[in-house]
Amino acid sequence: MDNRDALGSWLSGPRAAAEQMGTDFGYRGERLGLPKEGPGSLGGVGRRFVAVFVDWMLCLVIAYGLIAHRDVHASNPWTLALFGVLSVLTLATVGSTPGKRLLGLRVVTLGGGRLRIGPVVLRTVLLLLVVPALIWDRDGRGLHDKAARSVEVRI
């Protein structure tokens, strides 16, 4: 066996090589007890990214137009603060931000219940730091979700 067969090429990566050798990783969310597709299944990375983008743009418009009085430089810190407040308030009360609701996502505990305020604050602070949200496990959950013991599922 060639080393490239075991490690995978730089294009396919080690996961493709392991799958070719017979390893079954299952579908994303299977280890968490989530269905493969439909309501309650794990939300896709692209959908979650677009939801965060929608929430950020909403906060940016509010900060730019209402708080910073159309000053671009003054609106940046306000946007971050509004994004944090929006996330904490909406996730703690209804389980999804406006962007998540628009894209059919909801943040729940691993057991399927609503997150309490402590995990919501922890998740939001880690999301505001950006890096924990960019490091994923094999199910596609970021470190901010792992720390809060939460998961984003489809509605």
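Residues numbered from 1 in each chain as written. Predicted model: local features only at pLDDT ≥ 70, side-chain atom pairs only at ≥ 80, totals over all residues. Heavy atoms only, no water.

Caption draft 1: Layout of the side chain of Thr 97. On the secondary structure map, Thr 97 appears in the loop between helix 4 (72–93) and helix 5 (98–102). Dropping the residues within four chain positions of it, Thr 97 is found in contact with Asp 55, Ser 87, Thr 90 and Leu 91. (Helix = DSSP H or I, 4+ residues; strand = E, 2+ residues; numbered from the N terminus. Contact = heavy atoms within 4.5 Å.)

Caption draft 2: Focus on unusual backbone geometry. Positive phi is not limited to glycine here, since His 69 has a value of about 50°. Mapped onto the secondary structure, His 69 falls in the loop between helix 3 (45–67) and helix 4. At Val 130, a position not held by glycine, the phi torsion is positive, near 70°. Turning to its location among the elements, Val 130 is positioned in the loop between helix 6 (117–128) and helix 7 (131–134). Given a relative accessible area of 43%, Val 130 falls into the partly exposed group. (Buried < 20%, exposed > 50% of the residue type's maximum accessible area, 1.4 Å probe, protein only.)

Caption draft 3: Main features of a nonpolar patch on the surface. A cluster of nonpolar side chains, namely Ile 117, Val 121, Val 125 and Leu 129, defines an oily patch on the protein surface of about 350 Å² accessible area. Of note, Val 125 is situated in helix 6. (Patch = residues over 30% accessible without salt bridge, like charges linked within 9 Å, V, L, I, M, F, W, Y side chains within 5 Å. Areas by Shrake-Rupley, 256 points an atom, 1.4 Å probe, with all protein chains shown as cover. Salt bridge = Lys/Arg side-chain N within 4 Å of Asp/Glu carboxyl O.)

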